Structure formats: C-alpha cells, structure tokens
Amino acid sequence: MMMSNIMSFAGLSSTLGTLLILRQYFPRHLNIYFSKYFEKFITLIYPYLEISFPEYVGLRLKRSDAYTAIESYLSSTTSEHAKRLKAEMGHGSDKLILSMDDNEEITDEFHGVKVWWFSSKITRHNISFYRLVDEDKRYYRLRFHRRHRALINEAYLPFVIQQGKAIGVENRQRKLYTNSSSFDYNELKKLDWSHVPFEHPATFETLAIDSQMKSEIVQDLVKFSKSKEYYAKIGKPWKRGYLLYGPPGTGKSTMIAAMANLLDYDVFDLELTGVKDNSMLRKLLLNTTGKSIIVIEDIDCSLDLSGKRKTGGNQNENKEEEEKKAAMGGPPGKDESKVTLSGLLNCIDGLWSACGGEKVIVFTTNHIEKLDPALIRRGRMDKHIELGYCEYEGFKVLAKNYLGVESHPLFEVIHELLEEKNISPADVAESLMPKEEGKDQVDVCLEKLVNVLKGCKSKSEKEEEEKVKKSKKKLENGGKVPMVKIDCSVVV
Ligand SMILES: Nc1ncnc2c1ncn2[C@@H]1O[C@H](COP(=O)(O)OP(=O)(O)OP(=O)(O)O)[C@@H](O)[C@H]1O
Ligand SMILES: [Mg+2]
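Residues numbered from 1 in each chain as written. Chains lettered and ligands numbered in written order. Predicted model: local features only at pLDDT ≥ 70, side-chain atom pairs only at ≥ 80, totals over all residues.

An unreviewed UniProt entry lists the protein chain under the name AAA-ATPase At3g28510-like, from Dioscorea cayennensis subsp. rotundata. Its UniProt record gives the protein chain a comment under Cofactor (unreviewed entry), which states: "Mg(2+)". Its UniProt record gives the protein chain a comment under Sequence similarities (unreviewed entry), which states: "Belongs to the AAA ATPase family. BCS1 subfamily." (UniProt positions renumbered as here; feature names shortened; annotations may be inferred.)

Next comes the structure, spelled out in structure tokens:
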C-alpha cells in the first residue's frame, strides 16, 4: 500500500515536472496564469519538495561545484541502481567511471529516508555565426518528502557534497594544461587553457639527484600539502614557490613531473610569451584550479622581465633584434607580450594569488644570474634548488632505472670519471638506454658511457671556458658585469 502510494506520487510528480519544463514553450500570457495558480495548486496537494542543481549558473563561465560533487557522489551509487549509464575514463587509463545517463532516475536512502535523484537536460537550438548550435542545459533534481526538509538541508546535502568531493579527487584524471590558444567549436568561444591527460611517469624514486636533497624536497612538499590550517593561521595564501636552476638536461622538467605525481596535482604549463598583457595573465591564473603546479619554464628566456636588457645592458643586441624583425617584414614588437615584471609579481603573490587554494609555483632557468632579484626573493620563490651535473650517486639511480644493475666492474671507472668530468644526467641516460635486446647490453651501455665520459670536457676546462666567456661579456659591456649577484644556496 505504502509502496503503491509512493509510486503514484512519483508518477504524478514526474508528470508535473514535465509540465513545469514544458511551460517555457507556452505563450507568455498563459505562462503567467500557469505560474500563479498551477504552482499554488501543486504545492497544496503535492507532498514532495524538489531542488534543482544546474550544471552552470550565470554566464556559463564555470561548472557549478555542487553539480560536479553530486555527479561524483551519484557515480558511486549509480552502477547498482540506474539502468542507463554513461562511462568515462577516470584517473589512470584502466579505470572506468560510470554515471547516470541523461533523463535517468535513481533512489538513495539516508537515515531511513528515501530520496529520488533525476538527471535531466534541456536542449536549446541557437543560431550563432550562421550555424545552428545545440546548447544542452543539464541539471540534477532531488525530490524528497517535505517532512524531511530539515534533515535533507542540514545533513543529507552537506553529506552528498562532502562525499562527492572526496570521490571526485579520487577519480579525477590529472591534466596537463597549456595556455596556447585553442577554440571550443561547440561553445564557440576561445579557451584560456587547453588540456591533455597528464601521464608523465617520473617519480622521485627515478630521479637521479642527491638523496638528501631528494628527501628534503619530498618532505617539504608533503608538509606543504598538509598545512592548510597552518597557512590560514599565519595569514599567508596556501602556496609555495620553487626555483629550479641548472644546466640543460639536469632534470628540472622531470622534477616538476615527479612533484605533480607525488602530490597528485594538475600541471598548468604557462607559456609567458603567449600571454598578451598583465590582465590576460591575471585571468589565466584566476582560471587555474587548486591542487595544481603552475610552471613557467626558462623564465629568463620567456620575456624581458628584468626590464633592464632594453634600456641598459647590451643595446647592440636589442638593436640587432629589432633590425632582424624589420627585415622579416613585421613592425617591430607588434605581437610581443606586454607582460611586465611587476604584473607577474602581482599575480604570483599579490591579492589575486590567494584565489583557488593549494598551489605550487615553479620557475625553471638555465641562467639564474639573469633573473631579477625581486622575482626570486625568498617568500616569493621559497626554495631555490640547483640541479647540477651527474654525480656518482645519480649515476647509480640511472643505472638501476635503465639497466636494472646495482653493481658492475665498470662502476669504479665511471665513478672516477664522474669526479673529474661534467656530464648532464640526460647525457648519461642517453648512453645507458639499451639499443638492442640481450644480456650483453649492460656491458655495451656502460662501455659506451665510459667512452662518452672520456670525450667530455673536464671540470677545470669548463670552468676556464666560463671565465673566458664572462670576461668577454664584461668587455662588451664597457667593463660592467650585466649580471645580478644572487644568493642561490639550496635551502630545502
Ligand atoms: N636528474 C635526473 N634524473 C633522471 N633523469 C634525468 C635527470 N635529468 C635528466 N634526466 C633525463 O633527461 C631527460 C631530459 O631532462 P629534463 O628535460 O628534465 O632536463 P631539464 O633540466 O628540464 O633541461 P632543460 O634545461 O633543457 O629544459 C629526461 O627525459 C630524463 O629522462
Ligand atoms: Mg626543461
């Protein structure tokens, strides 16, 4: 009896729900009457309450957090109850996430109270740029008996949102974002960020760096990710800045991937040269999500951030560049980014930087001496990490990764060579990569590395070369050294 009552109410409510949706197609004057009397009538006889959760609110700028959390929550109960499901890949390529398909209905129970969830969509046909564009407005509708109003509002909905957020974090597929311009042809708008799944396999275990430095960085990152309350207590936005510097091929980009994998964060790879001006930069950073690493690679080459190179420094070089541009046909500096140093500083630690929570900002450079001290001062870039040439300890990690060996008669020879030669971990890794199948590949690769090392310049030779380069530059600049001296000791 009870069951059939519920069923008939559910049937009635479904009909009334359809009428409510259809009413938008009624003529306007009918619609006014409909609203006035029909809805009053419904609330009198209808014992159920309904709450809608639209996918987008306002200008469709951002998906509603409530909708996303409910979607995740329902995905956990859906597979048992719903008859029509849709599937999506979740975190990692082998996990399939099932959720309710459009116009599907499921029931849920909370403290013995039964509630109904519906997934619905309204499709509108708009004409935009002489094209017919279908715009889907999706929403979830929750129905429950009005006598449970307090329980649903105060306990059930907060429970759904909290559970949904937790499931969402577990299931989400991490993403690698880039700000290179792309266009959404369905929504007909330019996207600030486009993304692909983040699938870089690097971890701190496979990273060939000093083991003490490695464990300090890992500890620092883990501590940061658990310090929400601490940052709130000291009144600082929950973010941490890392400056990674060192010669090419020493693992700066690889370390960023390892950081993202350790913390389970998304990565926003910000190409500064593609950012028009400071306000565009602010918009891009505002559109990044929490639990993410914002990366600006080769910051010294990205822009003239010091503001010094054009006025002071090597004026001839600038002149040459302008002439080159003119020879290429375009007006000088036409498409150049107008992002300034103060604009960048404002975004990374001004008032805007506190939006969106939990973020790590990483700059990389091959030339730390070229950077403006303001950009990398402590507090802005909390950790300065130097990634140097390959040491014996790093070589052993690479040998284990690439060849699966932890000892070999040639290790001692390589140890001695590494003490006196400069070689990047990337070059070591290249030599250790077996080119063919077979057991003898370990000997082949290690012998190859010994030969490569023998051909490398020794540390003293390299230092001498650097000295000559520096003094040449000094002469070009009329005796002044154009570099800024910065304390770049590793503080981890
Ligand atoms: N410290 C390291 N540990 C493990 N692998 C490394 C390390 N350094 C370099 N490699 C290997 O060398 C390749 C190049 O390294 P990576 O791109 O991280 O260098 P980089 O410091 O970012 O160079 P660049 O300054 O040119 O951007 C990587 O694919 C990785 O396989
Ligand atoms: Mg790199």
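S.K.: Mind laying out the overall build of the protein chain, listing which residues take part and the relevant values?
M.R.: A tally of helices and strands in the protein chain yields 17 helices and 15 strands. By residue count, 22% of the 492 residues in the protein chain fall in the buried class. Taking as baseline every contact in the protein chain between residues at least 6 positions apart, the subset at least 24 positions apart corresponds to 72%. (Helix = DSSP H or I, 4+ residues; strand = E, 2+ residues; numbered from the N terminus. Buried ≥ 20, exposed ≤ 12 C-beta atoms within 10 Å, placed from the backbone. Contact = placed C-beta atoms within 7 Å.)

S.K.: An account of the packing of helix α14 (residues 410-420) against helix α16 (residues 441-455) is requested, with residue identities and associated values reported.
M.R.: It is the contact of α14 with α16, at a shortest axis distance of 10 Å, that shows an interaxial angle of 20°. Between α14 and α16, the interaxial angle falls into the category roughly parallel. Helix-helix and strand crossings are classified by hand; for α14 and α16 the assignment is left-handed. Packed against α14, whose contacting residues are L410, V413, I414 and L417, the element α16 presents L446, E447, L449, V450, L453 and K454 at the interface. The class makeup of the residues in the contact of α14 with α16 is eight nonpolar, no polar and two charged. (Axes fitted to C-alpha atoms, helices over the stretch in contact; angles between N-to-C directions. Parallel < 35°, antiparallel > 145°, perpendicular 65-115°, else oblique. Left-handed = near helix turned anticlockwise from the far one by under 90°. Nonpolar A, V, L, I, M, F, W, Y, C, P; charged D, E, K, R; others polar.)

S.K.: Report on the site of ligand 1, specifying residues and quantitative values.
M.R.: In the vicinity of ligand 1, 14 residues are found, and the nearest of them are G251, S253, T254, P425 and A426. Those elements that provide at least two residues to the shell around ligand 1 are α7 (252-263) and α15 (425-432). Considering only residue class, the shell around ligand 1 consists of seven nonpolar, six polar and one charged. Per-domain counts for the shell around ligand 1 show at least three residues from each of domain 2 (182-386) and domain 3 (392-456). (Near = placed C-beta within 6 Å. Domains from an automatic or database assignment.)

S.K.: Got a sec to walk through the pairing of strand β7 (residues 175-178)? Specific residues and values, please.
M.R.: When β7 meets strand β10 (residues 194-197), the two strands line up antiparallel, connected through four bridges. Across the sheet, L176 pairs through a bridge with V196, a residue of β10. Sheet analysis places β7 next to strand β12 (residues 266-269), joined by three bridges and oriented parallel. Among the inter-strand pairings, Y177 is bridged to a residue of β12, identified as F268. (Pairing = 2+ DSSP bridges.)

S.K.: Which residues make up the nonpolar core, and what values do they have?
M.R.: Counting 60 residues, the largest nonpolar core has I256, I293, V295 and V362 as the members making the most contacts within it. Looking at this core, the element that brings in the most residues is α7, giving six residues. Split by domain, this core shows at least three residues from each of two domains, domain 2 (182-386) and domain 3 (392-456). Each residue touching I256, except ones within four places of it in the same chain, is listed here: V267, I293, V295 and V362. (Core = buried A, V, L, I, M, F, W, Y, C linked by C-beta atoms within 7 Å.)

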